[in-house]
Amino acid sequence: MIIKPIIPIWLMSIICLIIIFLILFDKPFKEKISNKIGNEKTDRQKELIKKQIISSGIKILIVILMFIINLRFMIPNGESTALSSDLSVLFVVDTSVSMRALDYNGNKERMEGVINDCCYIIDELSGSKYSIITFGDTAQRVIPFTTDSDMAQAEIKAIKLENDSYAKGTSINVVKEVLKKTLEDEQKRQNGDTKFVVFFITDGEITKEGERLSSFSEMKTYISDGAVLGYGTIDGGKMINSSYVDNPDSDYYYKYYYDNNYKRITALSKLDEKNLKQISADLGIDYIQMNKQDNINDKLKSIREQIINSQSAGDKIKSYQDIYFYFAIPLVILLTINFIIQKRRI
């Protein structure tokens, strides 16, 4: 049997002792017991003192049960074999302002789709290692490769898009060197014994003046599988003004510009499949247009087969089962009794 306290034991002990002190030394208790000692009591007074002692006893038992439940007793529940995989999943995520456009699965924000889909991929490819690179005006590696899927999902959910007030135009080329260095360094760190699955996530747009897509083919040798995931539509999605993202009723909620006739036009961001297909060809992976999550299922199925084939048995791990609910039952009973007692006093 082991314990895994929810609240540190020292802190919970202090809390419980303070509550018990307040129960024992509240004013009504002192009046009915302490102040009556040595005096002859009526039957009515004796009955009140008896009820007070029972009520206080129940409250103290409730506090004791809360302390025990907080300890979180756990009993052994068998052993399992840890599985490890040499598959390293790398997410390369576009955080430029165009990823705020509203054309994912209808009229949802592209980045909302990216976050949900990446978390789904992590769940489906459990047992792998995960890392994240983001790029906009600059590119950076958010976390190194980790087997902690919860951390990877938390970092995905924490990704912030650029503020369009400071954005300098989109360039996919900016991520090239960071991607190359990440693959090279991890390959060396693992002595070449790893398989990279890369999910390159972008709408394919390049808006930086005079910029053209460079070749990513030199990274192809490191990558065993993955996909270029294209977010957006050919017709385009309305772009949200980052300064008014929390104010959808504002006239400035959508980005806009004026044409040659000074007519106000709502700005659209359109999927650039030409660039997306070039990146997929350079990296040797598939291109998938992501207008809904199901589009990735076939790809994940084939990758899961790789994981199964590459998994190796590790150490034996003991598993434990919570037994707090055994203490929760008497706690509920005592809470109910205490509620009835207090109700009758009213």
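Calculation notes
Residues numbered from 1 in each chain as written. Predicted model: local features only at pLDDT ≥ 70, side-chain atom pairs only at ≥ 80, totals over all residues. Heavy atoms only, no water. Buried < 20%, exposed > 50% of the residue type's maximum accessible area, 1.4 Å probe, protein only. Helix = DSSP H or I, 4+ residues; strand = E, 2+ residues; numbered from the N terminus. Arc of directions from axis to C-beta. Contact = heavy atoms within 4.5 Å. Polar contact = N/O pair within 3.5 Å; in protein donor to acceptor, adjacent residues only side chain to side chain. Patch = residues over 30% accessible without salt bridge, like charges linked within 9 Å, V, L, I, M, F, W, Y side chains within 5 Å. Areas by Shrake-Rupley, 256 points an atom, 1.4 Å probe, with all protein chains shown as cover. Salt bridge = Lys/Arg side-chain N within 4 Å of Asp/Glu carboxyl O.

### Examining helix 7 (residues 273–283)
One turn of the α-helix equals 3.6 residues, which is why residues spaced by three or four share an orientation.
Stage number 1. Among all positions in helix 7, only Asn275, Leu276, Ile279, Ser280, Asp282 and Leu283 are buried. The arc that holds every buried residue of helix 7, seen down its axis, measures 160°, which confines them to one face. Those residues of helix 7 that are exposed and aimed more than 90 degrees away from the buried face are Lys274 and Ala281.
Stage number 2. Against the buried residues of helix 7 lie strand 8 (195–202), strand 9 (223–230) and strand 14 (286–289).
Stage number 3. Capping the start of helix 7, Asp272 holds a side-chain oxygen 3.3 Å from the backbone nitrogen of Lys274, two or three residues further along.
Stage number 4. Gly284 sits one or two positions beyond helix 7 and adopts a positive phi of about 75°.

### Considerations on the environment of Leu276
Stage number 1. Within the secondary structure, Leu276 sits in helix 7.
Stage number 2. Expressed as a C-alpha distance, the spacing of Leu276 and Thr202, which sit 74 residues apart in the sequence, is 7.9 Å.
Stage number 3. Not counting chain neighbours up to four residues away, the residues in contact with Leu276 comprise Thr202, Asp203, Gly204, Val228, Gly230, Leu271 and Tyr287.

### Quick word on a nonpolar patch on the surface
Stage number 1. A contiguous nonpolar patch, built from Ile6, Ile7, Trp10, Leu11, Ile14, Ile15, Ile18, Ile19, Phe21, Leu22, Leu24 and Phe25 and spanning about 1100 Å² of accessible area, is present on the exposed surface.
Stage number 2. Examined against the element boundaries, Leu22 turns out to sit in helix 1 (residues 9–24).

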